[in-house]
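So the chains spell out like this:
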Amino acid sequence: MDRQLGAADSVAASTFSEVVVDVQPSFNADVHSRLRHSRNSINSSASAADNKKGRWENLVLAYKTLGVVFGGLVTSPLYVYPSMPLKSPTEDDYLGIYSIMFWTLTLIGVVKYASIALKADDQGEGGTFALYSLLSRKMDIGFFSAKNLDSNSIFHEGAENKSRLGKFFEKSILARRILLFIAMLGMCMLIGDGILTPAISVLSAMDGIRAPFPSVSKSLVEALSAIVLIVLFLLQKFGNFPRKEGWLLLGGTVLCITGSEALFADLGHFNRSSIQMAFLFTIYPSLVLTYAGQTAYLIRHPNDHEDGFYKFIPKSVYWPIFIIATLAAIVASQSLISATFSVIKQSVVLDYFPRVKVVHTSSNKEGEVYSPEVNYILMILCVAVILIFGEGKDIGNAFGVVVSLVMLITTILLTLVMIVIWRTPSLLVALYFLVFFTMEGVYVSAVFTKIPEGGWIPFAISFFLAFIMFGWFNGRQKKIEYELTHKIDLERLGTLLSDPGVQRVPGLCFFYTNIHQDGLTPILGHYIKNMRSLHKVTVFTTLRYLLVPRVAPEERIIVRKLGLKGVYGCVIQYGYADTLNLEGNDFVNQVTDCLREHIEKYLDCLPSNPVDIQEEISALEEAKLSDVIHVRGKTRFYIGKNCKRFDRIMLAFYEVLHSNCRSALPALSVPLSQRIEVGMLYEA
């Protein structure tokens, strides 16, 4: 069940990631049809809501995106020119730089992100991991592949009419691993962006204080920047050159498009129309004019490029502009921090990252999330980057590596989406890929020369994060494989319960379990063998996270008889924007009410004795009044001598992660006296 749930955290939906398939084919088909109905109702209601949104509402949303989404883009003029290694630049040099920045903003900003990428959302979510989620479900190559799931699986989408590329990925383990690596690298780089954007934005803005006060040291500016960042994070819980030289300058020029990935990653916070409107009619023309003004000033004052922003500000408005720039840098930091929270949430949902607490900061917007643990880690890393690598050019070099790699990864994944999902004509796909892969590939080759000069920072961060992700992913995969191999099917359960030594004790038991194909978790067999008992009424409860914003209340709890006396199955479904208020007696009452209703409807459809119906309902009520307990499994891997050394290391690391990540049952507000944890060792 490994998943966090509860109103206190206000977003249980963001941290559960067990994909399950239910016990009986009829149960599975029922859940399948209900889910489709739920999805259709969600989509139809969402469409109706979008139709009701007027032009003014989109304008208001577009205004709100200016800070949350575009903060990184609008503050890029603070550090683009200072990050370039210019030596005695001429007018032609500056005009060439401006030309490159104009076409970079136009092609990557307008064409790629605003016009294409925003259409490749995954249930309203954007970013590289959302693209991977979309592809993995369509091509059936995700964490739970077709070999692990029943053919009726509700998550097995697009089984028919698959493209040749999709079939290739299904057959090739190497191709799937490369795609997963690319998606993980993109996610890690975006998190690195969330660390470096606050550092370089705030540091560049605060550096403006040295112009009127030359005596202010660089160390003091760094300390002030660190203080501003700490305050920002604490408030989160409430966003034509010579050939070689020209090529090297691209490492600084690419910074003009920083924050463009947030335009896509923050899609869950707003809607496509508002982001497009704000970018095309406000951000894009403003950036083009700002860089034109900077370039015009630098043509007349060619040696002021190291402080190309504050130098061209008139003295009469210097301090107001300084304050605005500092505030804009803080907002820019917020935009990438928000994007980092979103991508962490997506990876937790897909079970590629350890469970962390994720809180929805808005009851109206699905994508506005906050994670305390991630927030404090980002704060420490941001401050460390400023204090250790205070030189703006070093951070700029690191920033360039992040920006260019994330853009390139998005281009690759978008190309796959065009081929596999959109079925875009081959000529258009080839045109898109050649233009953007070539353009961004040149940027990547340029920034790679900066690795010794600060460019190694994002790689160090990404390696650390990728190690965590791979360790978690590997452990979860081993766990699922073991459970599929040692599952308890209904026939086996019946055999266990028919043992004269196994007693059916009074009471109601909620047994939290993952249901795989036609079987239950092996912990159930371990529990019965050792406890020699099972409650008279046992409800095998599965929490199912759905990749939809909200699940209709009538579709939230689905129950079914499992063919054995007093044994039922229960699936609790919810989306990433749902808040589950299933606490204490409310939770028990909701489930038992659904069971009672199901017993009446189920038996009405079959020849049955009304007395039997009443007896079953009476047994349910009697069990609820007698005693209620909640049982969950707590598994660990037993790493034997036959286990390979690599597996020993990775599984040991997984155990460390698993023992320190968020749990599931405590958030249900279950009293300690009603809570039982059953330990079991899985042999690796």
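Note that the structure is predicted; figures quoted are calculated from it, not measured. (Residues numbered from 1 in each chain as written. Predicted model: local features only at pLDDT ≥ 70, side-chain atom pairs only at ≥ 80, totals over all residues. Heavy atoms only, no water.)

1. Focus on the confidence of the model for the chain
Inclusion rule: The predictor attaches a confidence to each residue, and that confidence, scored 0 to 100, is pLDDT. Secondary structure elements are defined from DSSP: runs of H or I of at least 4 residues count as helices, runs of E of at least 2 residues count as strands, and each element is numbered from the N terminus. Two residues qualify as a contact provided that any one of their heavy atoms is within 4.5 Å of a heavy atom in the partner residue.
Residues with a pLDDT of 70 or more make up 79% of the chain, whose mean pLDDT is 77. Predicted confidence in the chain is weakest over helix H1 (residues 25-52), with a mean pLDDT of 46, and strongest over strand E4 (residues 503-512), with 93. Across residues 1-29, where pLDDT falls below 50, the model places 141 contacts with residues more than four positions away in sequence or in other chains. A low-confidence stretch, residues 143-159 stays under pLDDT 50, and its non-local contacts, those more than four residues away or across chains, total 47 contacts.

2. A short note on the packing of aromatic side chains
To be explicit about the condition: Only centres within 6.5 Å qualify two rings of Phe, Tyr or Trp (six-membered ring in Trp) as a pair; their planes then separate them into stacked at under 30 degrees, edge-to-face at over 60, and tilted for everything else. Each residue is placed in one exposure class: buried if its accessible area under a 1.4 Å probe, protein chains only, is under 20% of its type's maximum, exposed if it is over 50%, and partly exposed if it falls in between.
According to the stated counting rule, one finds 19 aromatic pairs in the structure shown. Here the aromatic rings of Phe448 and Phe459 are separated by 5.8 Å at their centres, their planes lie at 75°, and the arrangement is edge-to-face. Taken together, the residues span a long stretch of sequence, with Phe448 in the loop between helix H15 (426-447) and helix H16 (456-485) and Phe459 in helix H16 at a distance of 11 residues. Residue class for Phe459 comes out partly exposed when judged on its relative accessible area of 29%. Through a chain of ring-to-ring contacts, the aromatic side chains of Trp472, Tyr482, Phe637, Tyr654 and Tyr682 assemble into a single cluster.

3. Overview of the pattern of salt bridges
Here is the rule: A carboxyl oxygen of Asp or Glu within 4 Å of a side-chain nitrogen of Lys or Arg is what we treat as a salt bridge.
Here the structure, examined in full by the defined rule, presents 12 salt bridges. Asp593 is paired through a salt bridge with Arg596; the nearest N and O atoms lie 3.0 Å apart. Taken together, the residues span about one helical turn, with Asp593 and Arg596 both in helix H19 (residues 584-604) at a distance of 3 residues. Note on Arg596: relative accessible area 22%, which makes it partly exposed. The network of salt bridges with common partners includes Asp593, Arg596, Glu621 and Lys624.

4. Quick word on the pairing of strand E6 (residues 533-545)
In the case of a regular strand, side chains alternate between the two sheet surfaces. Spelled out, the test is: Following DSSP output, two strands are said to pair if at least two bridges run between them.
Most of E6 sits out of view: 12 of its 13 residues are buried. The pairing of E4 with E6 spans 8 bridges and is parallel. The partner of Val505 across the bridge, within E6, is His535. Bridge count between E6 and strand E8 (residues 567-574): 8 bridges; the pairing is parallel. Bridge assignment links Thr538 to a residue of E8, and that residue is Val567.

5. Examining helix H8 (residues 218-234)
Selection rule: Expected helix span is given by 1.5 Å per residue-to-residue step, counting one fewer step than there are residues. By definition, the arc is the one covered by directions from the helix axis to the C-beta atoms.
Taking 1.5 Å per residue as the helical rise, H8 with its 17 residues ought to reach 24 Å, and the 25 Å between its terminal C-alpha atoms agrees with that figure. Considered for burial, the residues of H8 that qualify are Val221, Glu222, Ser225, Ala226, Leu229, Leu232 and Phe233. On an axial view of H8, the arc spanned by its buried residues comes to 140°, and they lie on one face.

6. Brief notes about the sheet that holds strand E9 (residues 628-638)
Two modes of strand pairing occur in sheets, parallel and antiparallel, and in both the strands are linked by backbone hydrogen bonds. Put simply, the test is: Axes here refer to lines fitted to C-alpha atoms; in helices the fit is confined to the stretch in contact. Angles between the N-to-C directions go from 0 to 180 degrees.
The strand order across the open sheet built from 6 strands is E7-E8-E6-E4-E9-E10, with neighbouring strands paired in mixed fashion. Single-partner strands in this sheet number two, and they are strand E7 (557-561) and strand E10 (675-683). Across this sheet, the average inter-strand angle for adjacent strands is 25°, counted without regard to direction. Together, E4, E6, E9 and E10 form the strand contacts of helix H18 (residues 522-531), whose direction differs from that of E10 by roughly 110°.

7. A closer look at the side chain of Ser274
When you line up the elements, Ser274 lands in helix H11 (residues 272-300). By relative accessible area, Ser274 is classed as buried at 0%. Other than its neighbours up to four places away in sequence, Ser274 contacts Asn58, Leu61, Ala62 and Thr65.

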